[in-house]
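# Chain and residue survey
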Amino acid sequence: LPSFPSRHVVTRTFDFAKWSFPNGLGTMVYDRMDQLILSHFLGPTAVGFYQPALQLTEPATFVSTSISQSTNVKSSGIHSQGGSILPDIRNGLAYSGLIAIPLFFGALALPAELMETIFGPSATAGAGALIGLSLLKIFRSFSQPLGSVTFGLDRFDLRTKITYAIIIVKIPLAILLT
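In this report, the structure presented in the accompanying data block is examined. Since this is a predicted model, take the numbers as computed values, not measurements. (Residues numbered from 1 in each chain as written. Predicted model: local features only at pLDDT ≥ 70, side-chain atom pairs only at ≥ 80, totals over all residues. Heavy atoms only, no water.)

### Some thoughts on the pattern of salt bridges
Summed over all chains, the structure comprises six salt bridges. Between Asp34 and Lys170 there is a salt bridge, and its shortest N-O distance comes to 3.5 Å. Here Asp34, found in helix H2 (residues 20–42), pairs with Lys170, found in helix H9 (residues 156–177); they are 136 residues apart in sequence, far enough to count as distant. Judged by relative accessible area, which is 12%, Asp34 ranks as buried. Of the charged contacts in the structure, one is a salt bridge between Lys137 and Glu58, with a shortest N-O distance of 3.0 Å. Of this pair, Lys137 sits in helix H8 (residues 127–152) while Glu58 sits in the loop between helix H3 (44–57) and helix H4 (62–80); the two residues are 79 residues apart in sequence, bridging distant segments of the chain. We classify Lys137 as buried; its relative accessible area is 7%. (Salt bridge = Lys/Arg side-chain N within 4 Å of Asp/Glu carboxyl O. Helix = DSSP H or I, 4+ residues; strand = E, 2+ residues; numbered from the N terminus. Buried < 20%, exposed > 50% of the residue type's maximum accessible area, 1.4 Å probe, protein only.)

This is the structure in C-alpha cells:
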C-alpha cells in the first residue's frame, strides 16, 4: 500500500531539489547571454553573424560532454564509498580538450575561410566570433567535467554558486567585447 513519505524523506528531497531551479535558470542565462547582449547592443544582424560561428564550435565540447556524463556517475559511486575521485578527474581533463584545442588553432589560422567554406561568403563577417567562441569552448571543455563532479558529489549548491559567479564575470566581459 502506498503511504505518505516521512518528514525526513520530504526534508532530504527538498534539500536535494531546491538548487535545481536556480541552477537550471543560471545555465539557461549562461547559454543565451551572448545572443541577448549582442542583440541589445548591436542588433539582430550581429546575432545572425554570431550564430553560424556558434554552430561551428559546437563539436569542441563533444568529448568533454561525453566525459562529463560518465564522470558524474562514477564520481558519485566512488565518493559514496569514501574513495578518491582525483584520478578520474585527472583522466577526464587529460582528454577534454581533444577537439577544442585543435579547433581553436584552426579557427585562429583560417577563420574567414572556415566560415565561408561551411556557411557561404555571407558568413565571413562572423570570423571574429569564431575565434572568440572557439577559445571559450576550450574553457568550457575543461569546466564541464569539473561541473559534473559537483553533481556526482551531490553538491548542487556549489554548482549553482559557481554558475552564477561565472555569469557575473561573463556579463561585463561580453559587453566589453561587444
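Once you've had a look at it, read on.
### So, a nonpolar patch on the surface
Taken together, the side chains of Phe21, Leu25, Met28 and Val29 define a hydrophobic patch exposed on the protein surface, amounting to about 390 Å² of accessible area. Counting through the fold element by element, Leu25 comes out in helix H2. Relative accessible area serves as the criterion here: at 35%, Leu25 is assigned to the partly exposed category. (Patch = residues over 30% accessible without salt bridge, like charges linked within 9 Å, V, L, I, M, F, W, Y side chains within 5 Å. Areas by Shrake-Rupley, 256 points an atom, 1.4 Å probe, with all protein chains shown as cover.)

### Notes on the environment of Ser75
In this fold, Ser75 is placed in helix H4. With 13 residues separating them in the primary sequence, Ser75 and Asp88 have C-alpha atoms 7.7 Å apart. Discounting chain neighbours no more than four positions away, the residues touching Ser75 are Ile85, Ser148, Val149, Gly152 and Leu153. (Contact = heavy atoms within 4.5 Å.)

### What about the nonpolar core?
Judged by nonpolar contacts, Leu38, Ala46, Val47, Tyr50, Ala53, Leu54, Leu56, Ala107, Met115, Ala123, Leu130 and Leu133 together constitute the single largest core of 12 residues. Among the secondary structure elements, those contributing two or more residues to this core are H3 and H8. Among the elements that line this core, the one with the most residues is H3, at six residues. (Core = buried A, V, L, I, M, F, W, Y, C linked by side-chain atoms within 4.5 Å.)

### A few points about H3
Note: α-helices contain 3.6 residues per turn, so residues at a spacing of three or four share the same orientation. End to end, H3 covers 20 Å across 14 residues, agreeing with the expected 20 Å (1.5 Å per residue, within 8%). Every buried residue belonging to H3 is among Ala46, Val47, Tyr50, Pro52, Ala53, Leu54, Leu56 and Thr57, and all of these are buried. Turning to H3, the residues buried within the fold contact H2, helix H6 (100–109), helix H7 (111–119) and H8. (Expected span 1.5 Å × (residues − 1).)

### Digging into unusual backbone geometry
For Asp154, which is not a glycine, the phi torsion comes out positive at approximately 60°. Checked against the element boundaries, Asp154 lands in the loop between H8 and H9. Under the relative-accessibility criterion, Asp154 is labelled partly exposed at 48%.

### Section: the packing of aromatic side chains
We describe a pair of aromatic rings using the distance from one ring centre to the other and the angle between the two ring planes. Tallied over the full model, the rule gives two aromatic pairs. Centroid distance Phe104 to Phe105: 5.2 Å. Interplanar angle 65°. Geometry classified as edge-to-face. Judged by centre distance (5.0 Å) and plane angle (45°), the rings of Phe151 and Phe156 are tilted. Phe156 sits in the buried class, given a relative accessible area of 18%. The aromatic ring of Tyr30 is capped on one face by Lys170, whose charged end is 3.9 Å from the ring centroid. (Phe/Tyr/Trp six-rings, centres within 6.5 Å; stacked < 30°, edge-to-face > 60°. Lys NZ or Arg CZ within 6 Å of the ring centre and 35° of its normal.)

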